[in-house]
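The primary structure of each chain is shown beneath.
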Amino acid sequence: MNITASKDKTDVVHPLWLRLTHWCNALAMLIMVTSGWRIYNASPLFDFRFINELTLGGWLGGALQWHFAGMWLFGINGLFYLLINLFSGRLKRRFWPLSPRQLGSDLLAALRGRLQHADPRHYNMVQRVAYLLVMAASLMAVLSGLVLWKSVQFPLLRELLGGYETARYLHFFAMAALVGFVAIHLLMVALVPRTLLTMLRGR
């Protein structure tokens, strides 16, 4: 048995497929969020608008084109990520079991800045719940986005989501949840820089 090869395999924190889907997702989210803000500005749900300089597309038509391009990347990449996680057993290994008691303990430790990150292969309970919630938010963004894009073609989905106008709100809040996750994620990377290195080189 090749001990060196075995050790290299063990040292891998993030396999290549995970790193590729991670960075594709980052690009897709950047495109979709910034173009989505421009689309929102054309017909706002609330009494505020996003700064135009932070949006993508230049005008409504351009923003829609960017949004649809990002949509395909986000959807296909997300499906690829989910299927590999399911069929490889990684989803169960990394995200289960869940413990409400451990979640409370880890959350309190995180708020105090004492949450341990000794082994990057192991997700603490806060990470497990956060990643599962962001998967759910991504799914909601896709489903509500389908209603906004092709409302007539998806009548059942439109009704299940409470109608077109409700789907707009669901889409907005799903986007807000994803942006909030990214903000916290970037903060955690700043606090624990080695997590960025492992996502770049795999170990």
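Residues numbered from 1 in each chain as written. Predicted model: local features only at pLDDT ≥ 70, side-chain atom pairs only at ≥ 80, totals over all residues. Heavy atoms only, no water.

Time to look at the packing of helix α2 (residues 16-42) against helix α9 (residues 194-201). The packing of two helices is summarised by the inter-axis angle and the distance between the axes. Relative to each other, α2 and α9 sit at 110°, their axes nearing to 8 Å. Considering their axes alone, α2 and α9 lie roughly perpendicular with respect to each other. Residue-level inspection shows Arg19, His22 and Trp23 of α2 in contact with α9, the latter providing Leu196, Thr198, Met199, Leu200 and Arg201. Residues belonging to the contact of α2 with α9 are distributed by class as follows: 4 nonpolar, 2 polar and 2 charged. (Axes fitted to C-alpha atoms, helices over the stretch in contact; angles between N-to-C directions. Helix = DSSP H or I, 4+ residues; strand = E, 2+ residues; numbered from the N terminus. Parallel < 35°, antiparallel > 145°, perpendicular 65-115°, else oblique. Contact = heavy atoms within 4.5 Å. Nonpolar A, V, L, I, M, F, W, Y, C, P; charged D, E, K, R; others polar.)

Let us look at the UniProt feature "transmembrane region" (unreviewed entry) in the protein chain. In the numbering used here, UniProt assigns the "transmembrane region" (unreviewed entry) feature to residues 20-40, 64-84, 129-149 and 169-193. Secondary structure content for residues 20-40 is 100% helix and 0% strand, and the end C-alpha separation is 30 Å. (UniProt positions renumbered as here; feature names shortened; annotations may be inferred.)

Here we take up the domain arrangement of the protein chain. What the domain assignment reports for the protein chain is domain 1 (14-44 + 54-96) and domain 2 (97-192). Between the C-alpha centres of domain 1 and domain 2 there is a distance of 13 Å. On the domain 2 side, the residues contacting the 19 residues of domain 1 number 19 residues. Counting the surface lost from both domain 1 and domain 2, the interface buries some 1,600 Å², and carbon and sulfur atoms represent 72% of this. Sorting the residues of domain 1 by area buried against domain 2 places Arg94, Phe95 and Trp96 first, and these three jointly supply 38% of that buried surface. Inspection of the domain 1/domain 2 interface yields 0 salt bridges. (Domains from an automatic or database assignment. Buried area = accessible area lost by both parts, 1.4 Å probe. Salt bridge = Lys/Arg side-chain N within 4 Å of Asp/Glu carboxyl O.)

Attention now moves to the pattern of salt bridges. Counted according to the given criterion, the structure contains 2 salt bridges. The residue Glu159 makes a salt bridge to Arg158 at a minimum N-O spacing of 3.4 Å. Among the residues examined, Glu159 registers a relative accessible area of 52% and is labelled exposed. For Arg168, the salt bridge goes to Glu165, with nearest N and O atoms at 3.6 Å. Pair noted here: Arg168 and Glu165 are both in helix α8 (residues 164-191), with a separation of 3 residues, about one helical turn. (Buried < 20%, exposed > 50% of the residue type's maximum accessible area, 1.4 Å probe, protein only.)

Within the secondary structure, Arg128 is located in helix α6 (residues 125-149). A distance of 3.4 Å separates a polar atom in the side chain of Arg128 from the backbone oxygen of Arg94. With residues near it in sequence (within four places) discarded, Arg128 still touches Arg94, Phe95, Trp96, Pro97, Leu98, His122 and Tyr123. (Polar contact = N/O pair within 3.5 Å; in protein donor to acceptor, adjacent residues only side chain to side chain.)

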